[in-house]
Structures are given as C-alpha cells and as structure tokens.
Amino acid sequence: MSACASAEAAQPLLQQGDIDLLISDLRLPGANGLSLLPVAQSLNPAPAMLIITAFGSVQQAVQALQQGADDFLTKPLEWTTSCSRPAACWKIAACAVKCNATAQSWQWSNFTASSARAA
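None of these values were measured; they are calculated from a predicted model.

The next subject is helix H1 (residues 7-15). Listing the buried residues of H1 in full gives Ala7, Ala10 and Leu14. The buried residues of H1 occupy one face: seen down the axis, they fall within an arc of 55°. Lining the buried residues of H1 we find strand S1 (21-25) and helix H2 (36-41). In the segment just after H1, Gly17 is the residue with positive phi, at about 80°.

Here the focus is the sheet that holds S1. In any sheet, the strands associate via hydrogen bonds between backbone groups, in a parallel or an antiparallel arrangement. Pairing within the open sheet is parallel, and its 3 strands lie in the order S1-S2-S3. The two strands at the open ends of the sheet, each matched to only one other strand, are S1 and strand S3 (71-74). Between one strand and the next, the sheet's axes are offset by a mean angle of 20°, whatever the strand orientation. In this sheet, strand S2 (residues 48-53) lies alongside S1 in parallel orientation, the contact comprising 5 bridges. What sits directly across from Leu21, in S2, is Ala48.

Quick look at the packing of aromatic side chains now. A full pass over the atoms with the stated rule returns 0 aromatic pairs. Lying across the ring of Phe55, Arg27 places its NZ or CZ 4.0 Å from the centre.

On to the nonpolar core. Counting residues in hydrophobic clusters, the biggest one holds 17 residues, and the most contacted among them are Leu14 and Ile51. Elements represented by at least two residues in this core include exactly H1, H2, S2 and helix H3 (58-66). Tallying contributions element by element places H2 first for this core, with 4 residues. Leave out the neighbours within four places in its chain, and Leu14 touches Ile19, Leu22, Leu36, Val39, Ala40 and Leu43.

Cut-offs used in this document
- Residues numbered from 1 in each chain as written.
- Predicted model: local features only at pLDDT ≥ 70, side-chain atom pairs only at ≥ 80, totals over all residues.
- Heavy atoms only, no water.
- Buried < 20%, exposed > 50% of the residue type's maximum accessible area, 1.4 Å probe, protein only.
- Helix = DSSP H or I, 4+ residues; strand = E, 2+ residues; numbered from the N terminus.
- Arc of directions from axis to C-beta.
- Contact = heavy atoms within 4.5 Å.
- Pairing = 2+ DSSP bridges.
- Axes fitted to C-alpha atoms, helices over the stretch in contact; angles between N-to-C directions.
- Phe/Tyr/Trp six-rings, centres within 6.5 Å; stacked < 30°, edge-to-face > 60°.
- Lys NZ or Arg CZ within 6 Å of the ring centre and 35° of its normal.
- Core = buried A, V, L, I, M, F, W, Y, C linked by side-chain atoms within 4.5 Å.

It is worth stressing that arrangement in space is one thing and function is another; only the former is reported here.
Take a look at the structure:
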C-alpha cells in the first residue's frame, strides 16, 4: 500500500505499475484526482479506480465514471460502504482483464482460422 499527498506525486508511482486499486480524493493539492485516471488506464492491466470526495455532485460523478473511474463515493463514508466498494471495484477490474484476454484470444483464433482457409 502506498499513499501520496498529491496527484503529481502519485503519477510516477502509478507508472511503475503493480497497482491493483487506486483510491483518490477528487480535490487534491495541484491537479485533481481525475487527472490520475488516464495514467491508470494506460497500465496493463489497469487498476480498479475509486474516486471519493466531500464535495461531490451528480455531474462530477458522471464525469468521473465517463473518464474511467469504477466508482464515485461521497464523504463521509459509511463503514459498510468503505469496505464493500473497493472489493466491488476489484471484481470489475478483474472481469475487465478476463474479458479483454478472452476477446484477444478469440480474435487471434478467428484470424488463424481465416488465414488457414485462405491458404
């Protein structure tokens, strides 16, 4: 587990990879937490991403989800929510990795089959 005080400090850590879950506050010193989403999404596999804030609006939640966040929570967090939502995000990320691998496998086998028929 790692903690960073700003989005700028988190970016190099993210780029090193080996991150399973990214939990970021929306309001951070400097860049906001949404600025981490493109960096995290560029990783393979991308970590599950959870944005939290005390100043959330529906518009911000929609923006975060459209930019790739798996969930958006407002503070104060309830204990049951705090424990269950990251687990749900991990499941979403694991499913995405599995679906992506299946799609790549299907595309490759489809390409191979097509190539064999053409020969």
